[in-house]
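Architecture and fold: a report
Given next are the chains, with one letter for each unit.
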Amino acid sequence: MQKLLLLLILSFFSAQSFAGSCPDGSEPVKSISEDGTYYLYNCGNANNKQSSSSSSNTKALAGIDIENNPNIDFFKPPQKPYPTGKLYWFGRMWRMADFNKDGYSDVLYIGTMNPNNVEWTGEDTGGLCGGGACKGNKPLPSLFLGDAKGKLTYVPQLLIDKREDSGMSLGRQLLVADYNNDSILDFYIADTAVGTHNGFRDSYFLSQSNGTWLESSKTHLSHSNFEVFDHGAATGDIDNDGDMDVVITETNWKTGTALWCLINDGTGYLNKRKCGGIFSFALELADIDGDGDLDVLLGAHEFEKSIDFTGIVWNDGRGNFNKHNNTRLPQHKKKWGSVPEVSAADLDNDGDLDIVYSRAGVLYVGTAIQVIENLGNKKFKDHGIFPLVEAPDDFIPTHEGNEWNDFIEDIRFRDLDKDGDIDLYLSSSMSLKTDGMVLLNQGDFAFELLLPNVAKKYVTIDYKAPTPVSEEEKAEEQAVLDEIAAFEAELAAELGE
């Protein structure tokens with residue numbers, strides 16, 4: 001396993017702090033390292049290929065650069081390692097990174113609380129507790145540290161939340177970055193709330209000098225108890241000042257607010273302000289037009305006319321996203337109009353970022369991926385839908401929690417088959433059908449779909465999860481293993497293996 005190299009080691013310097021530091025009195029040019037994990041500053045002299053007067057050499061760091069860092073060991077983590085099966089009702093989303101900088105990949109999970117007032121009403125998570133807020137103990141995130149023996153160790157003592165009402169309601173997005181510029185990764189959790197669509201206050205964990213992470217909303221957020229239904233969220237340096245900011249979605253018809261930007265002052269303190277955008281559910285930050293700043297990729301609920309924008313809102317260079325400065329992307333609202341996630345990577349090795357949407361049907365029935373090629377100059381080509389799971393034509397859902405809900409929560413990019421192009425690794429915390437699916441890049445935007453049991457050839461899955469110690473824990477863990485084994489046997493039978 002390779003060590004995460006100097007993660008954001010230089011990002012604590014702002015561009016202003018370098019003013020006049022070059023021999024000719026000019027400011028150095030900021031660029032990103034080849035592995036995408038830290039900033040470089042270079043003066044425009046004869047010994048440097050970069051020119052201080054050229055903006056084309058600069059690149060703002062995005063959360064997807066950290067998430068898809070090729071220099072950390074990547075494997076398929078356990079879907080619900082003990083005790084996450086007890087802590088979280090559903091939605092065990094994860095991020096993999098070297099959090100403690102020991103050279104080994106760690107895994108951080110978030111999820112949904114187990115309410116004590118469950119009363120199913122309506123069609124979605126907004127009606128799981130009788131139409132009101134769900135009540136009960138709220139769990140903290142779960143950090144598992146990796147080691148040289150391929151073992152994951154649960155370390156709850158490293159995450160500290162001193163709030164009176166601590167923990168998460170429904171942790172929907174996990175944004176990992178070095179917010180306080182100490183070269184250690186921190187994390188921000190966008191919390192949509194379970195039981196209502198009013199949102200719940202978010203969580204913000206910053207690294208401490210003693211090796212722990214402290215929930216720091218009260219001291220490092222301008223609005224620590226701000227509640228918003230932030231179904232979409234992303235992190236990146238949207239104002240190109242050398243630190244990581246946060247962007248979250250809102251759907252507020254009264255005020256027209258679509259995006260909130262939490263602007264980092266360089267110390268990890270985030271100041272909230274409106275920053276434009278268009279109503280959406282999925283959000284990612286990426287430099288789609290290659291001008292050096294991060295644009296917002298948005299995904300809609302295309303079945304609803306009021307939230308039907310799927311496309312890009314362009315950055316004005318200062319971290320603002322004017323809703324009129326946008327480019328719509330092709331929709332597939334007839335069957336695949338729900339867009340829970342979006343990401344971007346260079347899939348054809350032409351130097352620009354292509355776009356991948358996670359799609360589902362009404363009430364998340366069925367699952368598909370949409371791939372859009374970036375042609376340059378803000379032109380795009382839709383390569384259509386790659387179906388992953390399709391429900392019978394006569395299936396009529398009554399709730400999002402139906403048996404054909406296998407939607408893709410996260411899209412990750414790695415060269416899994418080591419052939420020089422980027423492949424897609426798909427994650428779904430609640431589905432054995434789609435969790436760990438792989439789309440192998442065959443070139444020219446053709447992909448070979450590998451089911452999870454076949455994808456084992458390219459993705460390590462034998463990382464050792466924490467060992468249960470009681471009989472109850474052993475039984476719970478065995479039930480999960482039996483369920484996985486039964487599903488893989490069913491898949492093998494369907495494939496004729």
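Residues numbered from 1 in each chain as written. Predicted model: local features only at pLDDT ≥ 70, side-chain atom pairs only at ≥ 80, totals over all residues. Heavy atoms only, no water.

Brief notes about the sheet that holds strand E4 (residues 106-110)
Taking strand neighbours across the sheet as the criterion, the 4 strands line up as E3-E4-E5-E6 in an open arrangement whose pairing is antiparallel. Two strands bound the open sheet, and with one partner strand each, they are strand E3 (93-97) and strand E6 (152-154). Between one strand axis and the next, the sheet turns by 25° as a mean value, whatever way the strands run. Pairing of E3 with E4 involves 5 bridges; the strand directions are antiparallel. Its bridge partner lying in E4, Arg95 is registered against Leu108. (Pairing = 2+ DSSP bridges. Helix = DSSP H or I, 4+ residues; strand = E, 2+ residues; numbered from the N terminus. Axes fitted to C-alpha atoms, helices over the stretch in contact; angles between N-to-C directions.)

Some thoughts on the environment of Ser209
Residue placement: Ser209 occurs in the loop between strand E11 (203-207) and strand E12 (213-215). For Ser209, a relative accessible area of 84% translates into the label exposed. Between the C-alpha atoms of Ser209 and Asp182, which are 27 residues apart in sequence, the distance is 9.1 Å. (Buried < 20%, exposed > 50% of the residue type's maximum accessible area, 1.4 Å probe, protein only.)

Examining the sheet that holds strand E20 (residues 311-313)
An order of E18-E19-E20-E21 is seen for the 4 strands of this open sheet, with the pairing classed as antiparallel. Pairing within the sheet leaves two strands with one partner each, and these edge strands are strand E18 (282-286) and strand E21 (326-328). In this sheet, neighbouring strand axes are inclined to one another by 20° on average, regardless of whether the strands run parallel or antiparallel. Inspection of the sheet shows E20 paired to E21 by 3 bridges, in the antiparallel sense. Its bridge partner lying in E21, Ile312 is registered against Thr327.

Here's the deal with the nonpolar core
Judged by nonpolar contacts, the single largest core of 53 residues is most densely connected at Leu143, Tyr179, Phe187 and Tyr188. With residues near it in sequence (within four places) discarded, Tyr188 still touches Gln173, Leu174, Leu175, Tyr179, Asp202, Ser203, Tyr204, Leu221, Val246, Leu262 and Leu270. Residues Ile263, Cys275, Leu297 and Phe309 belong to the second largest nonpolar core, which totals 33 residues. (Core = buried A, V, L, I, M, F, W, Y, C linked by side-chain atoms within 4.5 Å. Contact = heavy atoms within 4.5 Å.)

Points about the layout of surface pockets
Taken as a whole, the largest pocket holds about 1200 Å³ of empty space. Lining the largest pocket are 50 residues, and of these Thr125, Glu400, Asn405, Phe407 and Met430 lie nearest its centre. Mapped by element, the contributors of at least two residues to the lining of the largest pocket are strand E8 (171-177) and helix H5 (471-494). Element by element, the count of residues in the lining of the largest pocket is highest for H5, at 3 residues. Its residues assigned to classes, the lining of the largest pocket comprises 19 nonpolar, 18 polar and 13 charged. (1 Å grid on protein atoms, 1.4 Å probe; cavity = no way out; pocket = protein on both sides within 12 Å on 5 of 7 lines; lining within 4 Å. Points joined across faces, edges and corners; volume = space filled by probe spheres on them. Nonpolar A, V, L, I, M, F, W, Y, C, P; charged D, E, K, R; others polar.)

Concerning the pattern of salt bridges
Following the criterion strictly, the structure yields 12 salt bridges and no others. Here Lys59 and Asp65 are joined by a salt bridge, their closest N and O atoms 3.6 Å apart. In this structure, Asp406 engages Lys433 in a salt bridge whose closest nitrogen and oxygen atoms are separated by 3.8 Å. Of the two residues, Asp406 sits in the loop between strand E25 (379-389) and strand E26 (410-414) while Lys433 sits in the loop between strand E27 (423-427) and strand E28 (438-443), which places them 27 residues apart along the sequence. Via salt bridges that share partners, Glu67, Arg95, Asp410 and Arg412 belong to a single interconnected network. (Salt bridge = Lys/Arg side-chain N within 4 Å of Asp/Glu carboxyl O.)

Comments concerning the confidence of the model for the protein
The predicted model of the protein has a mean per-residue pLDDT of 87, with 81% of residues at 70 or higher. A low-confidence stretch, residues 30-37 stays under pLDDT 50, and its non-local contacts, those more than four residues away or across chains, total 38 contacts. (pLDDT = per-residue confidence, 0-100.)

Quick word on the environment of Glu67
Along the chain, Glu67 falls in helix H1 (residues 63-67). For Glu67, a relative accessible area of 12% puts it in the buried group. Along the primary structure Glu67 and Ile411 are separated by 344 residues, whereas in three dimensions their C-alpha atoms are 9.9 Å apart. Among residues more than four places away in sequence, those in contact with Glu67 are Arg95, Asp410, Ile411, Arg412 and Arg414.

Things to note about the pairing of strand E29 (residues 446-450)
Summarising the sheet, E28 and E29 pair through 5 bridges and their orientation is antiparallel. Across the sheet, the residue bridging to Gly443 is Ala446, located in E29. Taking the residues between adjacent antiparallel strands as the criterion, E28 and E29 are bridged by 2 residues, where Asp444 takes a positive phi near 55°.

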